[in-house]
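Okay, here's what each chain looks like letter by letter:
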Amino acid sequence: PKLQPIAARIIMLQSGVRAPMAYKIQGPNLESIEQASLDLEKLLKQVPSINPGTVFADRVIGKPYLEIDIDRSAIARYGIKIRQVQEVIEVAIGGKPVTQTVEGRERYPVRVRYSRELRDSIEEIENILVSAPDGTQIPLKELASIKYLRGPQVIKSENTFLVSYVIFDMQPGYSEVEVVEQANTFID
């Protein structure tokens, strides 16, 4: 929807939505909220007073998350503590701050982690080595299951309820009240 920057900011501060009009969807879990939002998006595009190009439902789910599930019985066979495996994963994938450089008045953290090509794919992550107490190097794939999951892109809540928005704007020649009434009648 077309809004001037100051008007958009005022509307957002008042309602929490970055559009002149929107439906707020609340629900018990992100999957049901997203499905309801997408269904409502399809319906609102059919309302004559709403500009179909401005109808947009929040995409709540769809971000890929890397899940590493450590197998406790497997690490016990090798005598490895769970904290050791977690530290290897932290350093290899996320990086760990080791020191800080000072350049004039500025301070920069120095992080150590594997190079991008060694942590870009599940196959490469599975080959990360974890040291056993006897010095044996065990690949992570023998100690954990690694997979990508679809998860939330953003989690919004209001008054302890999960929430999503379907934003829209009106066609020229209609008032906001007319648009809202037509949309409510069409949905009902």
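About the criteria used
Residues numbered from 1 in each chain as written. Predicted model: local features only at pLDDT ≥ 70, side-chain atom pairs only at ≥ 80, totals over all residues. Heavy atoms only, no water. Helix = DSSP H or I, 4+ residues; strand = E, 2+ residues; numbered from the N terminus. Buried < 20%, exposed > 50% of the residue type's maximum accessible area, 1.4 Å probe, protein only. Contact = heavy atoms within 4.5 Å. Expected span 1.5 Å × (residues − 1). Arc of directions from axis to C-beta. Polar contact = N/O pair within 3.5 Å; in protein donor to acceptor, adjacent residues only side chain to side chain. Core = buried A, V, L, I, M, F, W, Y, C linked by side-chain atoms within 4.5 Å. Patch = residues over 30% accessible without salt bridge, like charges linked within 9 Å, V, L, I, M, F, W, Y side chains within 5 Å. Areas by Shrake-Rupley, 256 points an atom, 1.4 Å probe, with all protein chains shown as cover. Salt bridge = Lys/Arg side-chain N within 4 Å of Asp/Glu carboxyl O.

(A) Spotlight on the environment of K141. Structurally, K141 is set in the loop between β7 (137-139) and β8 (144-152). Here K141 falls in the partly exposed class, since its relative accessible area comes to 47%. Separated by 121 residues in the primary sequence, K141 and P20 have C-alpha atoms spaced 50 Å apart. Dropping the residues within four chain positions of it, K141 is found in contact with E126 and N127.

(B) Region of the structure containing helix α2 (residues 30-44). Between its terminal C-alpha atoms α2 stretches 21 Å, which fits the 21 Å expected from 15 residues at 1.5 Å a residue. For α2, the set of buried residues is L30, I33, E34, S37, L40, E41 and L44. The buried residues of α2 occupy an angular sector of 130 degrees when projected down its axis, which confines them to one face. In α2, those exposed residues whose orientation departs by more than 90 degrees from the buried face are E31 and K42. As for α2, its buried residues are in contact with β1 (21-27), β2 (56-57), β3 (61-70), β8, β10 (161-168) and α6 (176-187). Sitting at the head of α2, N29 places a side-chain oxygen 3.3 Å from the backbone nitrogen of E31.

(C) Just the nonpolar core, in detail. Within the largest apolar cluster, 17 residues are counted, with the highest numbers of intra-cluster contacts made by I70, I75, I80, V85, V130, L140 and L143. Considering every element that reaches this core, the biggest residue donor is helix α4 (residues 82-94), with 3 residues. Beyond its immediate stretch of four places on either side in the chain, L143 contacts D69, I70, D71, A74, I75, Y78, I80, V85, V130 and I138. One finds I25, L40, I50 and V55 within the second-largest nonpolar core, a separate group that totals 14 residues.

(D) Focus on a nonpolar patch on the surface. Taken together, L43, F186 and I187 make up a surface patch of nonpolar side chains, about 210 Å² in accessible area. Counting through the fold element by element, I187 comes out in helix α6.

(E) Structural context of the pattern of salt bridges. Counted under the stated rule, the structure contains 6 salt bridges. Between K156 and D58 there is a salt bridge, with its nearest N and O atoms 2.7 Å apart. Residue K156 is located in strand β9 (residues 156-158), and its partner D58 is located in the loop between β2 and β3; the two are separated by 98 residues in the primary sequence. Taking the relative accessible area as the measure of exposure, D58 reaches 15% and is therefore buried. One salt bridge connects E87 with R83, and the closest N-O pair in it is separated by 3.4 Å. Of this pair, E87 and R83 both sit in helix α4, separated by 4 residues, roughly a single helical turn. You can call R83 partly exposed: its relative accessible area is 42%. Salt bridges linked by common partners bring R83, E87 and E90 together as one network.

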